[in-house]
Amino acid sequence: MVISLENISKFYNGNQVLKNVALTIEDNDRIGLIGINGCGKSTLLRIITGKEEPETQQEPNVARISLSRGMTIGFLEQNTGLDRSSTIIEEMKSVFTELLETADRLRELEAIMADPSAHDDEKHFLEISREYDAKTAFFESNDGYLVDVNISKVLNGMGFPPDTYDRVISTLSGGEKTRLALAKLLLENPKLLILDEPTNHLDFNTIMWLEDYLRDYKGALLIVSHDRYFLDKLTTSICEIERGVLKRYRGNYSAFVKLKQAEVTRQLKEYEAQQAEIAKLQDFVDRNLVRATTSAMAKSRIKKLESMEIIEKPILYEKSAKIKFEYDITPPFDLLTVKNIDVSVGRGAERKTLVDSLSFEVKRGEKLAVIGSNGIGKSTLLKVIQRKLPCDHGIIEWTKNVKISYFDQENAQLDPNKTVMDEVHSRYRTMSDTEVRSLLGCVRLVGENVFKKVGVISGGERAKLCFAIMMLERGNVLILDEPTNHLDIDTKEVLEQALCEFDGTVIFVSHDRYLLNKLATRIIEITENSVESYNGGFDDYIAVKREKEEAAEKILEAQKQERARQLAEEKNAKTYRSKEQRAADAKKRARIKELEKEIERLEGEMAVIQTELADPDVCSDYQLMQEKCEKLESMKKLCSEYEDEWVMLSEEI
């Protein structure tokens, strides 16, 4: 057991968001925590990590949080990252401060023990030896020799190559800081790793690397995510918070969907049956309570009603009626032509080109997805084709009768100082309050939330407000920049269905693999050196990419074989050589034989050293082990140089 929670409750503004929650997390659990926005997920995470306290309750509902001995928790919150004056590599090495200090102390002890005078005081030398043995055991058991390897592995996986290691963290973007915070957490290796929307700032390659890394993670995982692919790959159980109650389901997200649907169907039947029974009993009471002959029977029905445990009606989402995008004018078929444009950021001398000579076309009714690594210029491209940002070179031609409705992932088009109601009223002044509230209700912005300022509502609620406004705009072209980033899973499915049913044109940027697979009819991938177009959704894109990689590998292998054949032909060809050429070739052949002997000798010596490194006596002697490792590396380098020379001489003759 890693942590155990019992009777965890929490109130906010008189509303109970958590009701006697119980949860036990075992050592190797892989738990996905889901629920609609505002259901209490983040509150529960903050209680687990000690950032908030649960409500104080009387017996038998006293809140209890039990942690295992030596428990460590790592917590990556949404939209939080490192902000330090240190460099990337310095921050990552700070995770291993104790190990690095131990390495320094071991070197000090080695220097002391190497001094002949240290042997004069036998007791002192024995103390030093014991300290050296203890610290060596600690260093080795905690993989001290692999510190640099582990740092490089995680940083590279999270998108920080070696040439970024010396960057100061405070100069990084918000997304980069969040990725770096996640990298540091992975290196800290806590017994319980809590991740709140970890994939929000990651590109496909980084997400897939993170999935592979977490699959082999030694501790327990508690993940809040709206990425259904991510949950399916990693989780073995799903915890859903609904109406303040937490319920756990065995299996990944796909299994949860089936179990939940079956449960809702069963609960709805039980609810309807109970409601029918209640109506029948109440009707009998109403008709017979005042009659003297039937009063006793009516009172027994009242007692039965009072003792009945009421079944709550399950929450049902009518997805198809919530969000619907429509338009009034149909544009021509050839909708957009983009020729040789440059996508750039910055101004003047600081202006930087992200994409050079980009060309593509969009037809009416297409669902075009734009993908690529973070910072490659996807969001900038969406603004450039709308002429919200300047385009220095190339042509952007929209056909006539095009009306664009744009979703900005930063929601920059919203006024943070206006209320939700006023944001809609300011755009459509003829709408009544009732009409506005009805519209907002379609996207589940209800109750007091409609009177809150836009700046204080959640990211998901701001996204819903944008969708409500887009429904009013009636654009025949929807341009969407990461539309599902802050949405809960249910709202994602509502949006996906609305976009699939929309028969206009959609151009969108997204890292949501499920959305890409379900919506896209074509994918454009932007890289540093090229722009590639793929027909179909995400699965089709992956299949074509794999085919191309396999084809490239086959071509490379064929080229190697052809080169080997040519070398063999050249070697066997009887061509004229001068006396000097023949003499030079003889020297090269002699050198080749010499190199072969040296390589054979080095390989034999390296095999001996590798065997010695496995010897416990050598492992326990830090200085000896360091010497042998250095010698082995030196021999490997020399052997590699000999092999390169052998290849070069072989090709020359």
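Look up: the structure comes first, before these words.
Residues numbered from 1 in each chain as written. Predicted model: local features only at pLDDT ≥ 70, side-chain atom pairs only at ≥ 80, totals over all residues. Heavy atoms only, no water.

Engineer: Describe the overall build of the chain, naming the residues involved and giving the relevant values.
Structural biologist: When you go through the chain residue by residue, the secondary structure sums to 20 helices and 18 strands. Relative to the globule expectation of 26 Å for 653 residues, the C-alpha radius of gyration of the chain, 34 Å, shows a markedly less compact shape. Dimensions of the chain, computed from the C-alpha atoms along their principal axes, are close to 125 × 80 × 45 Å. Out of the 653 residues belonging to the chain, those deemed buried represent 43%. The contacts in the chain between residues at least 6 apart in sequence include a share of 69% that link residues at least 24 apart. Total accessible area on the chain stands at roughly 35,300 Å², and carbon and sulfur atoms take up 49% of it. In the chain, which carries 94 positive and 114 negative side-chain charges, the distance between the mean positions of the two groups comes to 6 Å. (Helix = DSSP H or I, 4+ residues; strand = E, 2+ residues; numbered from the N terminus. Rg over C-alpha atoms; globule rule 2.2 N^0.38 Å. Buried < 20%, exposed > 50% of the residue type's maximum accessible area, 1.4 Å probe, protein only. Contact = heavy atoms within 4.5 Å. Areas by Shrake-Rupley, 256 points an atom, 1.4 Å probe, with all protein chains shown as cover. Lys, Arg positive; Asp, Glu negative; His and termini not counted. Charge placed at Lys NZ, Arg CZ, Asp CG, Glu CD.)

Engineer: I'd like a rundown of the sheet that holds strand β9 (residues 245-250), residues and numbers included.
Structural biologist: Spatially, six strands are ordered β5-β6-β7-β3-β8-β9 in an open sheet, and the strand pairing comes out mixed. If you trace the sheet from one side to the other, it starts and ends with β5 (73-76) and β9, each paired once. Mean inter-strand twist for the sheet, computed between neighbouring axes without regard to direction, equals 15°. With five bridges joining them, strand β6 (residues 192-196) and strand β7 (residues 220-224) adopt parallel strand pairing. Pairing of Leu 195 across the sheet is with Ile 223, part of β7. The strands touched by helix α1 (residues 41-48) within the sheet are β3 (30-34), β5, β6, β7, β8 (237-242) and β9, with β6 carrying the most contacts at an inclination of about 150°. Packed onto the sheet, helix α6 (residues 174-188) meets β5 and β6 and runs at close to 165° relative to β5. (Pairing = 2+ DSSP bridges. Axes fitted to C-alpha atoms, helices over the stretch in contact; angles between N-to-C directions.)

Engineer: Hey, could you go over the sheet that holds strand β1 (residues 3-12) for me, with residue numbers and the actual values?
Structural biologist: With antiparallel pairing, three strands are arranged side by side in an open sheet as β2-β1-β4. Lying at the two open borders of the sheet, with one neighbouring strand each, are β2 (15-25) and β4 (64-67). The average undirected angle you get between the axes of adjacent strands in this sheet is 20°. Relative to the sheet, α1 contacts β1, β2 and β4, its axis offset from that of β1 by approximately 125°.

Engineer: If you had to explain the pattern of salt bridges to someone new, which residues and values would you point to?
Structural biologist: Evaluation of the coordinates by the stated rule reveals 43 salt bridges. We note a salt bridge from Arg 266 to Glu 270, for which the minimum N-O separation is 3.2 Å. Here the residue Arg 266 and the residue Glu 270 both occupy positions in helix α9 (residues 253-288), the gap between them amounting to four residues, near one helical turn. Residue classification places Arg 266 among the partly exposed positions, given a relative accessible area of 41%. For Glu 270, a relative accessible area of 37% puts it in the partly exposed group. (Salt bridge = Lys/Arg side-chain N within 4 Å of Asp/Glu carboxyl O.)

Engineer: Mind laying out the state of the cysteines, listing which residues take part and the relevant values?
Structural biologist: Here, the word disulfide means a covalent bond between the sulfur atoms of two cysteines. One pass over the structure, following the stated rule, counts zero disulfides. Free of any disulfide, Cys 500 has its nearest neighbouring cysteine sulfur in Cys 442, separated by 19 Å. (Disulfide = S-S within 2.5 Å.)

Engineer: Just give me the short version of unusual backbone geometry, but keep the residues and values in it.
Structural biologist: Along the chain, Glu 59 connects to Pro 60 via a cis peptide bond; the corresponding omega equals 5°. Within the secondary structure layout, Pro 60 lies in the loop between α1 and β4. At Glu 197, a position not held by glycine, the phi torsion is positive, near 55°. Its place among the elements puts Glu 197 in the loop between β6 and α7 (204-215).

Engineer: Now, about the packing of α9 against helix α10 (residues 295-307): what can you tell me, with residues and values included?
Structural biologist: One can describe the packing of α9 onto α10 by two numbers: an axis separation of 9 Å at closest approach and a directional angle of 150°. The way α9 lies across α10 gives a crossing that is left-handed. Across from Glu 277, Ile 278, Leu 281, Gln 282, Phe 284, Val 285 and Asn 288 in α9, the residues of α10 making contact are Ser 295, Met 297, Ala 298, Arg 301, Ile 302, Lys 304 and Leu 305. Here the contact of α9 with α10 is built from residues that sort into eight nonpolar, three polar and three charged. (Left-handed = near helix turned anticlockwise from the far one by under 90°. Nonpolar A, V, L, I, M, F, W, Y, C, P; charged D, E, K, R; others polar.)

Engineer: Pulling in residues and values, what's your account of the packing of aromatic side chains?
Structural biologist: Applying the stated criterion across every chain, the model contains eleven aromatic pairs. Centre to centre, the rings of Phe 538 and Tyr 541 are 5.8 Å apart; their planes meet at 40°, and the pair counts as tilted. Within this pair, Phe 538 and its partner Tyr 541 are both found in helix α17 (residues 538-572), separated by three residues, close to a single helical turn. Among the aromatic residues, ring-to-ring pairing joins Phe 204, Tyr 534, Phe 538 and Tyr 541 into one connected group. The positively charged end of Arg 301 is found above the aromatic ring belonging to Phe 284, 4.3 Å away from the centroid. (Phe/Tyr/Trp six-rings, centres within 6.5 Å; stacked < 30°, edge-to-face > 60°. Lys NZ or Arg CZ within 6 Å of the ring centre and 35° of its normal.)

Engineer: Talk me through the nonpolar core; I want residue IDs and the actual numbers.
Structural biologist: The biggest cluster of nonpolar side chains holds 49 residues, and the ones touching the most others in it are Leu 155, Leu 180 and Leu 214. With near-sequence residues (within four places) excluded, Leu 180 lies in contact with Leu 82, Ile 88, Met 92, Leu 155, Phe 160, Ile 169 and Leu 172. By size, the runner-up hydrophobic cluster in this structure holds 47 residues, among which are Val 424, Leu 478, Phe 538 and Ile 542. (Core = buried A, V, L, I, M, F, W, Y, C linked by side-chain atoms within 4.5 Å.)

Engineer: Which residues make up the side chain of Glu 482, and what values go with them?
Structural biologist: Structurally, the position occupied by Glu 482 is in the loop between β15 (477-481) and α15 (489-501). As a buried residue without a salt bridge, Glu 482 has its nearest oppositely charged side chain in Lys 378, at a separation of 5.6 Å. A polar atom in the side chain of Glu 482 sits 3.0 Å from the side chain of His 511. If sequence neighbours within four positions are ignored, Glu 482 has contacts with Phe 407, Gln 409, Val 509, Ser 510 and His 511. (Polar contact = N/O pair within 3.5 Å; in protein donor to acceptor, adjacent residues only side chain to side chain.)

Everything listed here is a matter of geometry and, on its own, says nothing about what the molecule does.
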